[in-house]
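Notes for the structure review
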Amino acid sequence: MRIPLDYYRILGLPLAASDEQLRQAYSDRIVQLPRREYSQAAISSRKQLIEEAYVVLSDPKQRSTYDHLYLAHAYDPDNLAAAAVAKENRPESTKRGSDTQSLGIEISQDELVGALLILQELGEYELVLKLGRPYLVNKNGAKSLIKSNNLADEEIYESAEHPDVVLTVALACLELGREQWQQGHYENAAISLETGQELLVREGLFTSVQAEIQADLYKLRPYRILELLALPQEKTAERRQGLELLQNLLEDRGGIDGTNSDESGLNIDDFLRFIQQLRNHLTVAEQHKLFEAQSKRPSAVATYLAVYALIARGFAQRQPALIRQARQMLMRLGKRQDVHLEQSLCALLLGQTEEATRVLELSQEYEALAFIREKSQDSPDLLPGLCLYAEQWLQHEVFPHFRDLANQQAFLKDYFANQQVQAYLEALPTDAETTNEWAVINPQYFPQPKTNNSPFHNNSTRTSGQFNHSRIPDPDLPKTPIKETSEHLNFSPPMWNSSESVKSEIPAAERMSRGTNQHLNGSAKSAAPVHNQKRRRRKPTQSTIRERIPDNRPHSRRPRRRRTFANTIEGKTRLVWRVFISLVSLLVLWVVATTTFGWLKNLFFPTPPIRGSELFVEINQPPISIPDPISKPELAEGPLTNATAEEVIRAWLLTKAEAFGPNHEINNLEQILTGSVLSQSRQTAQKYKLENQYYKYDHSLKIDSVEESDLLADRAVVKATVKEAKQLYENGQFQNSSNEDLRVQYDLIRERGKWRIQSISAVNQIIR
């Protein structure tokens, strides 16, 4: 068998190597042993080839002859001169002839493993596969032929070098896969790794190498998923394979926010960033099916992502039933976080305008509320601003995360003009009934006795199936086996176990995406009025608290439940009044008793008069109160002074250094900022945190002017000169630095007796 190797390559030497370099290379090659899995025969075969190369090149006469052959082959493409030189000056001491066609060496079958070992050490992995695979195919074919002839086991002869050849080919697959991984060809790398693993599994050899290949396949899995799902949608087979890998990955982790080990090396934060990056490659139908299944584990993150998918798909495909399902999931999330804004938008898309306005008032998303109120100034309610915000929210925050909706426009007028949407909204309950809708549709969320004939189960099934005749079929996603924990699992996620530690944090990129509201300018056109929906009036109810109590009983017993609850409230009210009157009586009695006792004491035991003036200074108390050094200075209620302005600006610069610094203390921004600048700073700090970047600042400040508003006493404009020196660090490593002299204008507003910054703008930059 001819192997494309020359003696110089075997020793790793150039043609002009000296004798000293030759001896050193030979010594190094002999000392460097292959992996411990190789047999002694393989090591001896490798050593024999190295020694033969050294013998030829260390002898001056043989080396001269070999160099003529080497150079003749290098400069004669037709190899005619090389053949003549080889024929006339063949070294007598060589054990084999040189291949004049490729300047290779002729080896026997027993020396194949040694030659493959040397090729692998030289990084010729594809050449190892090219030479090793035919050998394995021939051996396996011969073995199958012998077994098919029903010969005895002792007649089946397997050569001693066979396991070593298998190991060399498998390791070549491993190293080739790692090379392709580094080059960014993740699927090709997986194919190479799986080829080597299948070979070892089929032969039943070298379990340690199998485990090493499997570990690389686990770490490669997230990269493969991103590469496969980023392919065009026409490549359905490859994308389906990517979805299957994603399902397997989620199963191994125990869900999106699971804590099990999937051997990928990604922690929880890294995996959430991976999911966020992955969403841009998935369609709305794929995300809907994936995250809805994952939310049943249960998972707060998956539930929130499923809500976005349901709202996007329901609006884009004119299926309000999906939006209603999203609102039901938001009711569960509302137990753990503020989702009133999303609930209000769902109610708006379901045509329940008064319910949307009521829920909106409960939201703590101040930037969104400010935008909605600004756009509703000429209206008796917040409906115009809410409609405009809904269109902007769908267009800029929801649709961009879905592959097939990134370029789609969001118009409420077209949505409500759809006949299917109108028919579904007409069949929905009125605004007064929406508060108790969760109890009717999802009775298993609250504990109740199990019954075989549950009217709510049938009603919810009919409701969710209504107006679904035009649904676009879901793609064939692999189903995730989820352990059922409720009898009603077929139509809603299982109840969250309050004893479990459920992660309620939503990916920061998703929650911070609301920061884009600041880009909505006031010149935007108002949304077209909705003409195709009937505005429903809320029926008067006994109390707001009573509306929020879910009723899980049959409809015939609901009035009785209301009366019982009212009686309970009345009894509790009487009890509270009795306790209050008793406490007041005790207080009056104590005042009378202490007054009487003091009068009697002064009457019978008068206090002797104090001579001289009484000292008001005590040893253990300072003559004046000393403020706490940790407490923040109290700001005066009067006009803004230069000193107060300087304190506010210095507090902002310190907070900025903490939020953008290595600890990313983002929550401190709320103490000094408000309005759009708070949203911008949050988004910037979160971006630095996700990208593992931070800044170190050094500031100097000089207040130039303080201007108070003539119309509003709680507003002021501060202009200051700020010298800022900052250093950028990425992954803990210093990147660059910059020094800037800026003239900055700060717009301040006093909220609850404290000055905050509501906008920051650079007047000009001072060039030094």
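In short, a report on the structure. Model, not experiment: these values are computed from the prediction. (Residues numbered from 1 in each chain as written. Predicted model: local features only at pLDDT ≥ 70, side-chain atom pairs only at ≥ 80, totals over all residues. Heavy atoms only, no water.)

Comments concerning the overall build of the protein chain
Selection rule: Comment: elements are numbered from the N terminus, with helices defined as DSSP H or I runs of at least four residues and strands as E runs of at least two. Think of it in three bands: residues with accessible area under 20% of the maximum for their type are buried, residues over 50% are exposed, and the middle band is partly exposed, with areas taken using a 1.4 Å probe on protein chains only. The contact criterion used is simple: two residues touch if any of their non-hydrogen atoms lie within 4.5 Å. In this description, accessible areas are obtained by the Shrake-Rupley approach with a 1.4 Å probe, and a residue is regarded as covered only by the protein chains that are shown.
For the protein chain, the helix and strand inventory stands at 29 helices and 7 strands. Expressed as a percentage of the 768 residues in the protein chain, the buried residues total 43%. Once local pairs closer than 6 in sequence are excluded, the contacts in the protein chain between residues at least 24 apart make up 68%. Counting only carbon and sulfur atoms, one obtains 52% of the accessible surface of the protein chain, whose full area is about 42400 Å².

Digging into a nonpolar patch on the surface
Let me state the cut-off plainly: Without a salt bridge and with relative accessible area above 30%, a residue can belong to a patch; like charges are then joined within 9 Å and nonpolar side chains (Val, Leu, Ile, Met, Phe, Trp, Tyr) within 5 Å. Salt bridges are identified by distance alone: a Lys or Arg side-chain nitrogen within 4 Å of an Asp or Glu carboxyl oxygen.
A cluster of nonpolar side chains, Trp577, Phe580, Ile581, Val584, Val588 and Val592, forms an exposed patch at the surface whose accessible area comes to about 600 Å². Turning to its location among the elements, Val584 is positioned in helix α27 (residues 558-604). For Val584, a relative accessible area of 38% corresponds to the partly exposed category.

What to know about the pairing of strand β6 (residues 733-751)
Note the cut-off: Should DSSP find at least two bridges between two strands, the strands are taken to pair.
Alignment of strand β5 (residues 715-730) against β6, held across 16 bridges, turns out to be antiparallel. Bridge pairing in β6 links Lys723 to Asp741. Counting the residues in the hairpin turn of β5 and β6 gives 2 residues, including Asn731, whose phi is positive at 55 degrees.

So, the packing of aromatic side chains
The cut-off we apply is this: When two rings of Phe, Tyr or Trp (its six-membered ring) have centres within 6.5 Å they constitute a pair, described as stacked for plane angles under 30 degrees, edge-to-face for angles over 60, and tilted for the intermediate range.
Counted according to the given criterion, the structure contains 19 aromatic pairs. For the pair Tyr304 and Tyr308, a centre-to-centre distance of 5.2 Å together with 35 degrees between the ring planes defines the contact as tilted. Taken as a pair, Tyr304 and Tyr308 lie in helix α14 (residues 300-316) at a separation of 4 residues, close to a single helical turn. Taken individually, Tyr304 and Tyr308 each receive the classification buried, so the pair is uniform in this respect.

Brief notes about the environment of Thr353
Mapped onto the secondary structure, Thr353 falls in helix α17 (residues 353-360). Under the relative-accessibility criterion, Thr353 is labelled buried at 4%. Considered as a pair, Thr353 and Asp381 are 28 residues apart in the sequence and their alpha carbons are 10.0 Å apart.

Here we look at the pattern of salt bridges
Applying the stated criterion to the full structure yields 26 salt bridges. A salt bridge links Lys656 to Glu724; the shortest N-O distance between them is 2.7 Å. Here Lys656, found in helix α28 (residues 642-659), pairs with Glu724, found in strand β5; they are 68 residues apart in sequence, far enough to count as distant. Like Lys656, the residue Glu724 is buried in the burial classification. Arg743 is paired through a salt bridge with Asp704; the nearest N and O atoms lie 2.8 Å apart. Taken together, the residues span a long stretch of sequence, with Arg743 in strand β6 and Asp704 in strand β4 (residues 693-708) at a distance of 39 residues. Put simply, Arg35, Glu37, Glu175, Arg178, Glu212 and Asp216 are held in one network by salt bridges that share partners.

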